[in-house]
Amino acid sequence: VLLLFGSAEHVVMTAAGWRRQLDEWRSMLSRTATAGIYGLIRCGVFLAVVGALDGTTAIGLPQLLTYVWVLEALFPINYCAWSWQVAQRIRGGDLVTLLALPTNSFATLLAYDLGRNLAQLAVRSTTVLCVAALLMPVTPFGPMALPRTWTGWVLAGLSLLLVPMASFGVRFLQECAAFVTSDYRSIGRVLYFPLAFLAGFMVPIDFFPPVLRGVAEWSPMFALVSAPVRVLQGVDVERTLVVQAGWTAILCLSGALLFRRLLTRTPVHGG
Amino acid sequence: VGEVRGYLILAAATIRAQIESRTLFVTGAVASGLSVGLETLGIYLVARHFGQIGGWSPEQVVVLNCLLSLGYGLFSVVGSYVSTDTFAGVLRNGDLQRGLSVPVGALTWLLASGVQPRQLCRCAVAGAVLVLASTRAHVEWTAGTVGVVALSVCATATMFFSLNLAATVVTFRTRQASELATVLTVGGATMSGYPIHIFDSILRLIFVYVVPIGLTVYVPTLWLLRLPGVAGIDRSMLPLTWIAPLLALGLATVCWRAGLRRYLEES
């Protein structure tokens, strides 16, 4: 983060991304409402499944409810409406305008994306999580498993703030395929479902068999959903946060290195 | 006859255009197969984690889910352009105007232009998993059970199609995807992937009688697994699994015509 905000230009780019996203407030509000309905449906499924077992499960309903609402809150950050825009710029040659700027190109792209996703985090994710946390105790679903101390909330906030950066790292690495093939979307298409499964978008990784769970816990996808879910649930918070921060740093650094290496091989204006 | 011939000619052209880019076609097919495979694996893992869901074993839940996936797969193959978000894009890009100049009905053009052969991979994976799971769930394969599967798949696909077709009346007006249709389609699919008797009576009522996706999947599964069902939803309701989608289709066609008429008046 320090490296990113090292120059004033990057702060300007982050602010530009923030404003750009806030321009779409109507769409964000409408999709927040839809996320609320999906969340209730998923809660209904878990309530029904656990309820039919008389509550005798290894993972309690409060933990499952936290999983559902964190998933709904973070979905738009991980599955961005503007995915593949970098790849389109690479193929379209528009990247040259970015290279002409007197700033680090990778950091500029990261800063703009971060601005957009921070706006989503502030408007959509926070709304979904706050409304769920307030409403759940007065519904048949019961309360969610949430931090009970201020330290816990600070760590949870930190974990949520790492998600936009980790998400950019994962998406950027896929978008770099545009440097070598025009069929870059094909790669993303094939990877989408396995990566979403490994991240815990379809079911919590706690439900995975031990070997698969081990793979999911030590994969970079852990930083996207499962890590913030565990931090909010209060499960192994410090270790989870360290792993999440580590993967976020690795993803961003490998993105920056790959971008620099691929740029040296890319002809711009015939040279 | 003219409409059918027109549909076949246009659909063949759409398929040829899609196969033109082999990489995109193959990766699209692989992705659709992976999506249904991993979704089913997810539901299996949930059922395995809890040991059973509403008294059903993980394999029995997978059989139910595969019927749903086959129905949704069939809808994706033949009716993807009616899907609310895709249809909103068709309207905004002005593609429907182009379609209206073709000498077939607007709906025929829409269906033919949206044929997605790569989604057959979704059906193939769902079918393969159904065969595997049904062996473990002790399903006896006879002509009758094959007929029940075919009925369920067609009825479920018709229900998804009808829901999205009905939503076009709103999309014609707003040019935006109908969130209600998305919620009913995705929500209905999410809930119908589990035995519907585990839900409370209000949700059961909605997904059996109001938006009967639950009916078209759950009741045929009861037949396959030779289970009695619960009060209010049992095997005797099998005839309803084809009557309800036909009624929904009739209602959806009325909505489509109303929306199209308004669109033509405005344009």
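Being a predicted model, the structure only gives us computed values, none of them experimental. (Residues numbered from 1 in each chain as written. Chains lettered and ligands numbered in written order. Predicted model: local features only at pLDDT ≥ 70, side-chain atom pairs only at ≥ 80, totals over all residues. Heavy atoms only, no water.)

1. Considerations on the overall build of chain A
Then, in step 1: When helices and strands are tallied, chain A shows 11 helices and zero strands.
Then, in step 2: Going from N to C terminus, chain A has its helices and strands arranged as α-α-α-α-α-α-α-α-α-α-α.
Then, in step 3: The C-alpha atoms of chain A give a radius of gyration of 19 Å, which matches the 18 Å a tight globule of 271 residues would have.
Then, in step 4: When its C-alpha atoms are laid out on the principal axes, chain A stretches across 70 × 40 × 30 Å. (Helix = DSSP H or I, 4+ residues; strand = E, 2+ residues; numbered from the N terminus. Rg over C-alpha atoms; globule rule 2.2 N^0.38 Å.)

2. Looking at the overall build of chain B
Then, in step 1: A tally of regular secondary structure across chain B gives 12 helices and two strands.
Then, in step 2: Counting helices and strands in the order they occur from the N terminus, chain B gives α-α-α-α-α-α-α-α-α-α-α-β-β-α.
Then, in step 3: In terms of C-alpha radius of gyration, chain B reaches 19 Å, essentially the compact-globule figure of 18 Å for 267 residues.
Then, in step 4: Projecting the C-alpha coordinates of chain B onto the three principal axes gives extents of approximately 55 × 40 × 35 Å.
Then, in step 5: In chain B, which comprises 267 residues, the share counted as buried stands at 51%.
Then, in step 6: Sequence separation of 24 or more characterises 76% of the internal contacts of chain B that already satisfy a separation of 6 or more.
Then, in step 7: Roughly 11600 Å² of accessible area belongs to chain B as shown, and the carbon and sulfur atoms make up 66% of that amount.
Then, in step 8: If you average the places of the 17 positive and of the 12 negative side-chain charges in chain B, the two averages end up 4 Å apart. (Buried < 20%, exposed > 50% of the residue type's maximum accessible area, 1.4 Å probe, protein only. Contact = heavy atoms within 4.5 Å. Areas by Shrake-Rupley, 256 points an atom, 1.4 Å probe, with all protein chains shown as cover. Lys, Arg positive; Asp, Glu negative; His and termini not counted. Charge placed at Lys NZ, Arg CZ, Asp CG, Glu CD.)

3. Re unusual backbone geometry
Then, in step 1: If you check the backbone angles, D236 of chain A has positive phi at about 50° while not being a glycine.
Then, in step 2: One can find D236 of chain A in the loop between α10 (226-233) and α11 (237-264).
Then, in step 3: The backbone phi angle of R175 of chain B is positive, close to 65°, even though this residue is not glycine.
Then, in step 4: Note that R175 of chain B resides in the loop between α8 (143-174) and α9 (179-192).

4. Digging into the environment of L40 of chain A
Then, in step 1: Mapping L40 of chain A onto the fold places it in helix α2 (residues 25-51).
Then, in step 2: Filtering out sequence-adjacent residues up to four positions away, L40 of chain A remains in contact with W69, M136 and F141 of chain A.

5. Concerning the pattern of salt bridges
Then, in step 1: In the structure shown here, the tally under the stated rule is 12 salt bridges over all chains.
Then, in step 2: Its salt-bridge partner being D113 of chain A, residue R171 of chain A comes within 2.9 Å of it at the nearest N-O pair. Taken together, the positions of R171 of chain A in helix α7 (residues 150-175) and D113 of chain A in helix α6 (residues 105-135) put the pair 58 residues apart, joining distant regions of the chain. Of the two residues, R171 of chain A and D113 of chain A, both sit in the buried class.
Then, in step 3: Across the pair E59 of chain B and R136 of chain B runs a salt bridge whose closest N-O atoms are separated by 3.6 Å. Residue E59 of chain B is found in helix α3 (residues 58-79), and its partner R136 of chain B is found in helix α7 (residues 120-136); the two are separated by 77 residues along the sequence. (Salt bridge = Lys/Arg side-chain N within 4 Å of Asp/Glu carboxyl O.)

6. Considerations on the interface of chain A and chain B
Then, in step 1: Each partner contributes residues to the interface: chain A has 30 residues there, and chain B has 31 residues.
Then, in step 2: On the chain A side of the interface with chain B, the three residues burying the most area are V49, R189 and F207 of chain A, jointly 21% of the side's total.
Then, in step 3: Viewed at the interface, chain B and chain A are joined by zero salt bridges.
Then, in step 4: Put simply, chain A and chain B have three residue pairs in polar contact (both at pLDDT 80 or more) between them.
Then, in step 5: Considering every element that reaches the side of chain A that touches chain B, the biggest residue donor is α2 of chain A, with 11 residues.
Then, in step 6: Residues of the side of chain A that touches chain B, tallied by class, amount to 21 nonpolar, five polar and four charged. (Buried area = accessible area lost by both parts, 1.4 Å probe. Polar contact = N/O pair within 3.5 Å; in protein donor to acceptor, adjacent residues only side chain to side chain. Nonpolar A, V, L, I, M, F, W, Y, C, P; charged D, E, K, R; others polar.)

7. What about the environment of G54 of chain B?
Residue and element names in this part refer to chain B.
Then, in step 1: In this structure, G54 sits in the loop between α2 (22-50) and α3.
Then, in step 2: Owing to a relative accessible area of 24%, G54 belongs among the partly exposed residues under this scheme.
Then, in step 3: Placed 119 residues apart in sequence, G54 and R173 show a C-alpha to C-alpha distance of 43 Å.

8. Some remarks on the packing of α2 of chain A against helix α3 (residues 61-78) of chain A
Residue and element names in this part refer to chain A.
Then, in step 1: Where α2 meets α3, the closest approach of the two axes is 9 Å, and the angle between their N-to-C directions is 160°. Here α3 runs roughly antiparallel to α2, going by the angle between their axes. Relative to α3, the crossing made by α2 is right-handed. In this structure, α2 uses A35, G36, Y38, G39, L40, R42, C43, F46, L47 and V50 to contact α3, whose residues at the interface are L61, L64, L65, Y67, V68, W69, L71 and E72.
Then, in step 2: When the residues that make up the contact of α2 with α3 are grouped by side-chain class, the tally is 14 nonpolar, two polar and two charged. (Axes fitted to C-alpha atoms, helices over the stretch in contact; angles between N-to-C directions. Parallel < 35°, antiparallel > 145°, perpendicular 65-115°, else oblique. Left-handed = near helix turned anticlockwise from the far one by under 90°.)

9. With respect to the confidence of the model for chain B
Then, in step 1: Considering every residue of chain B, the mean pLDDT works out to 90; 100% of them sit at 70 or more.
Then, in step 2: Reported confidence for the predicted complex is 0.86 by ipTM and 0.88 by pTM. (pLDDT = per-residue confidence, 0-100.)

10. Digging into the packing of α2 of chain B against α3 of chain B
Residue and element names in this part refer to chain B.
Then, in step 1: In contact at an axis separation of 9 Å, α2 and α3 are set at 150° when each is read in the N-to-C sense. With respect to each other, α2 and α3 are oriented roughly antiparallel. Note on packing geometry: the crossing formed by α2 with α3 is right-handed. Across from V36, T40, I43, Y44, A47 and R48 in α2, the residues of α3 making contact are P58, E59, V61, V62, N65, C66 and S69.
Then, in step 2: Partitioned by chemical class, the residues of the contact of α2 with α3 number eight nonpolar, three polar and two charged.

11. Some details on the packing of aromatic side chains
Residue and element names in this part refer to chain A.
Then, in step 1: Taken as a whole and judged by the stated rule, the model has 22 aromatic pairs over all chains.
Then, in step 2: Ring geometry for W84 and Y184: centres 5.6 Å apart, planes at 40°, overall tilted. Taken as a pair, W84 in the loop between α3 and α4 (85-92) and Y184 in helix α8 (residues 184-199) lie far apart in primary sequence, 100 residues in all.
Then, in step 3: On the accessibility criterion, W84 (14% relative accessible area) is buried. (Phe/Tyr/Trp six-rings, centres within 6.5 Å; stacked < 30°, edge-to-face > 60°.)

12. Points about α3 of chain B
Then, in step 1: Helix length check: α3 of chain B (22 residues) gives 31 Å between terminal C-alpha atoms against 32 Å at 1.5 Å per residue, within 8%.
Then, in step 2: Among the 22 residues in α3 of chain B, 19 count as buried, and that is most of the element. (Expected span 1.5 Å × (residues − 1).)

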